Protein chains: 2
Amino acid sequence: MSDNNSSGNNRRDFLKGVAKIAAGVAIGPSIATAGQSQRAPSSAADTMIDFVAPKLDSVRFGLIGTGARGLTHLRLLLSLQGAEVKAVCDTDDISLANAKEAVAKSGLQEPDYYTGHDYAYRELLERDDIDAVVISTPWRWHEPMSVDAMQAEKHALVEVPLATTIDDMWKMVEVSEKTRMNCMMLENVCYGRDEMMVFNMVRQGLFGDLTHGEGAYIHDLRMQMKQIARGTGSWRTYYHTKMRGNIYPTHGLGPIAQFMDINRGDRFDYMTSLSSPALGRSEYASREFPAEHERNQLKYIKGDMNSTLIKTAKGRSILVQYDTTTARPYSRLNLIQGTNGAFGGFPSRVALEMLPDGIRQDYEAELERTVADWEAAGREGKKPSARTYHSWDRDMSRWYKRYDHPFWKNMAEIAKQAGGHGGMDFMMHWRNVHCLRNGVPLDQNVYDGAAWSSLFPLSHESVVNRSKSVDIPDFTRGAWKQARPLEISL
Amino acid sequence: MSDNNSSGNNRRDFLKGVAKIAAGVAIGPSIATAGQSQRAPSSAADTMIDFVAPKLDSVRFGLIGTGARGLTHLRLLLSLQGAEVKAVCDTDDISLANAKEAVAKSGLQEPDYYTGHDYAYRELLERDDIDAVVISTPWRWHEPMSVDAMQAEKHALVEVPLATTIDDMWKMVEVSEKTRMNCMMLENVCYGRDEMMVFNMVRQGLFGDLTHGEGAYIHDLRMQMKQIARGTGSWRTYYHTKMRGNIYPTHGLGPIAQFMDINRGDRFDYMTSLSSPALGRSEYASREFPAEHERNQLKYIKGDMNSTLIKTAKGRSILVQYDTTTARPYSRLNLIQGTNGAFGGFPSRVALEMLPDGIRQDYEAELERTVADWEAAGREGKKPSARTYHSWDRDMSRWYKRYDHPFWKNMAEIAKQAGGHGGMDFMMHWRNVHCLRNGVPLDQNVYDGAAWSSLFPLSHESVVNRSKSVDIPDFTRGAWKQARPLEISL
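Residues numbered from 1 in each chain as written. Chains lettered and ligands numbered in written order. Predicted model: local features only at pLDDT ≥ 70, side-chain atom pairs only at ≥ 80, totals over all residues. Heavy atoms only, no water.

1. With respect to the packing of aromatic side chains
The tally for this structure, following the rule as stated, stands at 30 aromatic pairs over all chains. Taking the centre distance of 4.8 Å and the plane angle of 50 degrees together, the rings of tryptophan 170 of chain B and phenylalanine 475 of chain B count as tilted. Of this pair, tryptophan 170 of chain B sits in helix H7 (residues 166-179) while phenylalanine 475 of chain B sits in the segment after strand S14 (470-471); the two residues are 305 residues apart in sequence, bridging distant segments of the chain. With respect to burial, tryptophan 170 of chain B and phenylalanine 475 of chain B carry one shared label: buried. Through successive ring pairs, a cluster of aromatic residues spans Trp139, Tyr217, Trp235, Tyr239, Tyr248, Tyr330, Phe346 and Phe456 of chain A. One cation-aromatic arrangement involves lysine 100 of chain A over tyrosine 113 of chain A; the distance from NZ or CZ to the ring centre is 4.9 Å. (Phe/Tyr/Trp six-rings, centres within 6.5 Å; stacked < 30°, edge-to-face > 60°. Helix = DSSP H or I, 4+ residues; strand = E, 2+ residues; numbered from the N terminus. Buried < 20%, exposed > 50% of the residue type's maximum accessible area, 1.4 Å probe, protein only. Lys NZ or Arg CZ within 6 Å of the ring centre and 35° of its normal.)

Structure below.
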């Protein structure tokens, strides 16, 4: 795609509508190949942190990609007040048919469809009735499609990971800054009920000063290897033959980064990464496919489990794991700890040393009941004692009751009904539409997507060099120091 | 201590009984300061892997240190058939009084006591009626006491960690090889019921080929800071002011290393380590001590959470964590995974893809019962489905029933009654006495103790160098390649 950036009729036609781009913006391969050292510091005025785009009455969407993931986005956007779906693009007939079926079910006006060739999405981008595009395509398309979208004056809302190379990430940062268009990675997990509750608890200081967090994507997806002609496995499988680190870091990392004010008072400083042997995929292939099958010819090199450690400028530590191969239950770990205690996920649990009002009374009442039951039963031995942080409190109900994020407090039923990973997808789209209509900054900016996704290339670099320490670029170019902490509120 | 090694009357007196030491053994600071590069490869004949000492009718023990930890050892050894306690040494009056009380309670013959000065233990070592010494003293004494013990023809059974510097570990390796005396680190967690069951399951291939393991010591021990004049905290607290990595790595790591055949077909290759900020201890001190108290003058630099990643020669990965500061529940993680599934600890749980006979039938019977209940209750919706590896099986009873290690199968009641961390301490001493009486190699040799403890200095080195990758010495000097896997059997 980037080879076609600077020449050809497509390109000229495409650029017709892009008058707003500042004169000095470099377009084309020169940015794509520029290294980190060539980046000039941006001024605070240029930063996209807390950037607010002009308010929109309603957000008119174009969708690029309606496969496994994009179809969920389409359904949710069709259901959202304040959102309109104007155009849909996919090169796959079945995906496009699925999109049409979803539209028909909604009873809403038919959008225009774009298909037929890899660059059909550019025709969609030429429209002037689209405010934002949702990009749900194979990873190598994220950067060119996002850049094209922003240069066509559309906000780019792009699936995870933002991109797969540091150069591509820098390009997206620069184009977002120059075009003044949002480039948001759609990290839906940041909108999960537990993640938002913990965000709320962190902001209220319940964990004290944060010291350490853990996130993961542990999800057996070997069955995707059976997707040969279409589907996620038809392209993602090959990353297991080319990369050795964490190729999907953001789901576990995103919420931890928000808890820790990454790019807003703190930033990722350096990291190191280490992988296990790659055994599971070849074993699976030999069991599930004929010997002569292509899946048995591939050499899987990405270790089944990858573990990455990150150090932040404030000294905090983060563990991020990736394993989509091992036969074990799903987990994102989702652990955060500070000087006053910890929250852990899968299953959710809390342990706090100094208790906030409400919870303390709740524990006292619980103890009273337990002791009363114990005495009534005439039991002997040690009397039940008060709950402490030495054991996890796994009863989330008392925590939801007091610390549910306001969005979930008000919309839990709607979100769950709308669906998409238990409602987090709905919540994310609802939030984005709210922000774009009301002049509120999006919760995730291009620096966040870049920083979280940077583990993709950097973990590989570390793994292939005996886990050497690798510096993480500061995509904000210093602006993290002045930025105020993230708020997720109306 | 090592300053006194080569001179003085004490030293000469002490050497009187050490005629058996081969002429070529260097004694004194020359070894203690020699770097890794000066180590000559040992021949296979010299290796202490699977070393068998001459059988003993009964094992006559001397104990050095009867404080918080040594007293447990004393009580257990007093209760063990085939063990005799001949002598006890401690420089602390209260510890010695506790030891005397324990002996009195046992009704056994009074051992001789040694006390009065730091080197009183050498008087104990001069006796010729002691086969093995148990060393439970502050960490800096582990190396000199073990070396002195072996040179006095006693097996050294030494508390964790084996030592705190790589040079000290090398010295212990060399002295063990030259004196042909065991130098075993007393990693009791290897004898826990779950750890031994998992060892058994690993040996039976239930997890497939191992890829990744996790161990930890997450145990809030801030209260030890209140031990000022005596007790563990009176000396261990200072390591938090001097070291920045994992200062207590072996409890979580030992079992994982045994599962993975470390030093017996595989070995630790390199590691990297990263710490969180050190916040919890100073916060605790300011809350719990007067402003002018010494605990408020210390500068705590050891990050509250340390995470270390290890790569083995076979490519496997291990995560080891250390946190004795954060207010959160105890955990050793105790996770092992392979191509067929995983076991995790705290709480214990199993997930396997291909099920062994017995367990499969158990799951089928469970499903039949669940479906029958479901039908009887006239419920609607989705029929209960078979248990899979996508959720953890937390019902350990069916696993204990089939995979409990034979030692636990036969002695669980005795072990729990005898006590010591739920019976694991008893099991360890019983096992050691069994081995020494029956010509069976001890389960942990000097290379194991050294490799597991090497994280103490090496994690510090990595942490202070931006998590740089650090090579882990091969203490076996190549003998790991030929060594057969560990068996823990009669």
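Once the structure has been displayed, the description carries forward.
2. Overview of the pattern of salt bridges
Think of it this way: side chains of opposite charge can pair up when their charged atoms draw near. Counted under the stated rule, the structure contains 72 salt bridges over all chains. When the shortest N-O distance is used, the salt bridge between lysine 226 of chain A and glutamate 288 of chain A registers 2.9 Å. On the criterion of sequence distance, the pair formed by lysine 226 of chain A in the loop between strand S7 (210-218) and helix H9 (233-236) and glutamate 288 of chain A in helix H11 (residues 280-288) is long-range, its members being 62 residues apart. The class for glutamate 288 of chain A is partly exposed, based on a relative accessible area of 33%. Residue arginine 222 of chain B is joined to glutamate 353 of chain A by a salt bridge in which the shortest nitrogen-to-oxygen separation is 3.0 Å. Placement of arginine 222 of chain B in the loop between strand S7 (210-218) and helix H9 (232-236) and of glutamate 353 of chain A in the loop between strand S13 (349-352) and helix H12 (359-376) is noted, with the two residues assigned to different chains. We classify arginine 222 of chain B as buried; its relative accessible area is 2%. Taken together, the shared-partner salt bridges in this structure form one network comprising Asp362, Glu366, Arg387, Asp393, Asp395, Arg398 and Arg402 of chain A. (Salt bridge = Lys/Arg side-chain N within 4 Å of Asp/Glu carboxyl O.)

3. Here's the deal with the sheet that holds strand S6 (residues 183-185) of chain A
Residues and elements named next belong to chain A. Spatially, the 6 strands line up as an open sheet ordered S3-S2-S1-S4-S5-S6, and their pairing is parallel. Each edge of the sheet is formed by a strand with only one pairing partner; in this case those strands are strand S3 (112-114) and S6. With strand direction ignored, the average angle separating the axes of adjacent strands in the sheet is 25 degrees. Bridge count for strand S4 (residues 132-135) against strand S5 (residues 155-158) is 4 bridges, and the pairing is parallel. Directly across from valine 133, in S5, lies its bridge partner alanine 156. (Pairing = 2+ DSSP bridges. Axes fitted to C-alpha atoms, helices over the stretch in contact; angles between N-to-C directions.)

4. Re the packing of helix H6 (residues 142-151) of chain A against helix H7 (residues 166-179) of chain A
All names here are of chain A. H7 packs onto H6 with a crossing angle of 10 degrees between their chain directions and a minimal axis gap of 10 Å. By the angle class used here, H6 and H7 are roughly parallel. When H6 is examined against H7, the residues His142, Glu143, Ser146, Val147, Met150 and Gln151 are found in contact with a partner set consisting of Asp168, Lys171, Met172, Val175, Ser176 and Thr179. Split into classes, the residues belonging to the contact of H6 with H7 amount to 4 nonpolar, 5 polar and 3 charged. (Parallel < 35°, antiparallel > 145°, perpendicular 65-115°, else oblique. Contact = heavy atoms within 4.5 Å. Nonpolar A, V, L, I, M, F, W, Y, C, P; charged D, E, K, R; others polar.)

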